[in-house]
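Close look at the chain arrangement
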Amino acid sequence: MEAFEARPKSDGSYPGIVVLMEAFGLNHRESERIVPYSDLQKAIGIMNRLQDPKIMDDVGAAIAHLKSQSNVKAGSIGVTGFCMGGRFTYLSAAHHSKDVKAAVVFYGGAIPMGDPSPLSRTGEISCPIHLFFGGKDPMIPVDHVNQIKTELTNKKKNFEMKVYPEATHGFFCDERPSYHAESAKDAWEKTKSFFAQHLK
């Protein structure tokens, strides 16, 4: 599996973070890695062929790679992701609960969907989790957001959730018409401080 790895310029030991991409830019088993934003149907087609267990294997491989690096603190691994990657971030927090120490979900779609769904595995999450959604997101029903909030609350999980009223799906990506600068900036600052707090 190909992956992109970024490292700090300075020496030392640092936390590691796995980034799970949206459906348009994929490093995974498919032969086509990049889909233009104008071709939503192709991206959805690729996304629909993905299988949760295989993706969790891939995430596990990425985590194992990070833990094997001399400049990574093996006990300080985080995960974040966008859209489809947000769903897999939520699932990773449950499936890889022994390794994932903090998770940040950007407009994770279909979290209550699947058999089993990521939502049904909420009880397995042991790390703090921060979730961002857009109030005008046509792809993630308000009901789904409420289900996630209710389940995390009922299971007494350590979580924060922020819904940006003026933002839509993909608000964090500055290459998409849906980009919402104010929401993106706020979410990025919250993401950095959240990881700084929980990944020592």
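One can find the structure itself at the top, above this paragraph.
Rules and cut-offs
Position numbers for residues start from 1 in each chain and track the written sequence from start to end. Residue-level local features of this predicted model are given only where pLDDT is at least 70; pairs of side-chain atoms are given and counted only at 80 or more, and the full residue set underlies all totals for whole chains, interfaces and linings. The side-chain numbers reported here are obtained from all heavy atoms of the structure, hydrogens and water having been left aside. The secondary structure listing takes helices from DSSP runs of H or I that are at least 4 residues long and strands from runs of E that are at least 2 residues long, numbered from the N terminus. With the radius of gyration taken over C-alpha atoms, the globule rule is written as 2.2 Å times the number of residues to the power 0.38. Per-residue accessibility, obtained with a 1.4 Å probe over protein chains only, is compared with the maximum for each type, and a residue is labelled buried under 20%, exposed over 50%, and partly exposed between these values. Contact between two residues is taken to exist if any of their heavy atoms lie within 4.5 Å; hydrogens are not considered. Note on areas: these come from Shrake-Rupley sampling with a 1.4 Å probe, and a residue is covered only by the protein chains present in the view. Neither His nor the chain ends contribute to the count of charged residues, in which Lys and Arg are positive and Asp and Glu negative. Charge placement uses NZ in Lys and CZ in Arg. For Asp and Glu, CG and CD serve respectively. The method works on a 1 Å grid over the protein atoms by themselves. A cavity is a set of points holding a 1.4 Å probe that cannot get out, a pocket is an open set with protein on both sides within 12 Å along at least five of seven lines, and residues with an atom within 4 Å of a point line them. Grid points are joined across faces, edges and corners, and a volume is the space filled by probe spheres set on the points. Only Asp, Glu, Lys and Arg are considered charged, only Ala, Val, Leu, Ile, Met, Phe, Trp, Tyr, Cys and Pro nonpolar, and every remaining residue, Gly among them, polar. Fitted lines through C-alpha atoms give the axes, limited to the stretch in contact for helices. The angle between two N-to-C directions lies from 0 to 180 degrees. For this classification, under 35 degrees means roughly parallel, over 145 means roughly antiparallel, 65 to 115 means roughly perpendicular, and everything else is oblique. Any two of the Phe, Tyr and Trp rings considered here, Trp counted by its six-membered ring, make a pair once their centres fall within 6.5 Å; the pair's planes then place it as stacked at under 30 degrees, edge-to-face at over 60, or tilted in between. Take the buried residues of types Ala, Val, Leu, Ile, Met, Phe, Trp, Tyr and Cys, join any two whose side-chain atoms come within 4.5 Å, and each joined set is a nonpolar core.

**Examining the overall build of the chain**
The helix and strand tally for the chain stands at 5 helices and 5 strands. Ordered by position in the sequence, the α and β elements of the chain form the string β-α-α-β-α-β-β-α-β-α. Here the C-alpha radius of gyration of the chain, 16 Å, is about what a compact globule of 200 residues would show, namely 16 Å. Taking the principal axes of the C-alpha coordinates as reference, the chain spans close to 45 × 40 × 35 Å. Burial status across the chain gives 46% buried among its 200 residues. Restricting to contacts in the chain with at least 6 residues of sequence separation, those with at least 24 account for 72%. Carbon and sulfur atoms form 53% of the exposed surface of the chain, whose accessible area is close to 10500 Å². Separation of charge centres in the chain, based on 24 positive and 23 negative side chains, amounts to 6 Å.

**Let's talk about the layout of surface pockets**
To find the voids left in a structure, one rolls a probe of water-molecule size over its atoms. Its boundaries defined by the atoms lining it, the largest pocket holds a volume of some 1200 Å³. Lining the largest pocket we find 42 residues, and of these Phe-4, Ile-17, Val-18, Val-19 and Leu-20 sit closest to its centre. Among the secondary structure elements, those contributing two or more residues to the lining of the largest pocket are strand E1 (14-20), helix H2 (52-67), strand E2 (72-82) and helix H3 (84-95). In terms of residue class, the lining of the largest pocket is made up of 28 nonpolar, 8 polar and 6 charged. The calculated volume of the second largest pocket comes to roughly 320 Å³. As for the second largest pocket, its lining consists of 17 residues, of which Met-47, Asn-48, Arg-87, Gly-109 and Ala-110 are closest to the centre. Listing elements by their share of the lining of the second largest pocket, those giving two or more residues are helix H1 (40-49) and H3. Within the lining of the second largest pocket, the residues separate by chemical class into 11 nonpolar, 4 polar and 2 charged.

**Focus: the packing of H2 against H3**
Taken N-terminus to C-terminus, the directions of H2 and H3 make an angle of 75°; their axes are 10 Å apart at the nearest point. In terms of their interaxial angle, H2 and H3 are classed as roughly perpendicular. Two secondary-structure elements touch here, H2 through Asp-52, Ile-55, Met-56 and Val-59 and H3 through Arg-87, Phe-88, Leu-91, Ser-92 and His-95. Partitioned by chemical class, the residues of the contact of H2 with H3 number 5 nonpolar, 2 polar and 2 charged.

**What about the packing of aromatic side chains?**
According to the stated counting rule, one finds 11 aromatic pairs in the structure shown. Centroid distance Phe-106 to Tyr-107: 6.2 Å. Interplanar angle 80°. Geometry classified as edge-to-face. Taken as a pair, Phe-106 and Tyr-107 share a single burial class, namely buried. The interplanar angle of 40° and the centroid separation of 5.0 Å between the aromatic rings of Phe-106 and Phe-132 together place this pair among those described as tilted. Residue Phe-106 is found in strand E3 (residues 100-106), and its partner Phe-132 is found in strand E4 (residues 129-134); the two are separated by 26 residues along the sequence. Phe-132 shares its class with Phe-106; the two are buried. Ring pairs connect the aromatic residues Phe-82, Phe-106, Tyr-107, Phe-132, Tyr-164, Phe-171, Phe-172 and Trp-188, which therefore count as one cluster.

**Looking at the nonpolar core**
One finds Phe-88, Tyr-90, Phe-106, Leu-131, Ile-148 and Phe-171 to be the most contacted residues of the largest nonpolar core, which totals 50 residues. Sequence-distant contacts of Tyr-90, that is, excluding residues within four places in its chain, are made with Val-105, Ile-111, Pro-118, Leu-119, Thr-122, Ile-125, Ile-129, Leu-131, Ile-148 and Leu-152.

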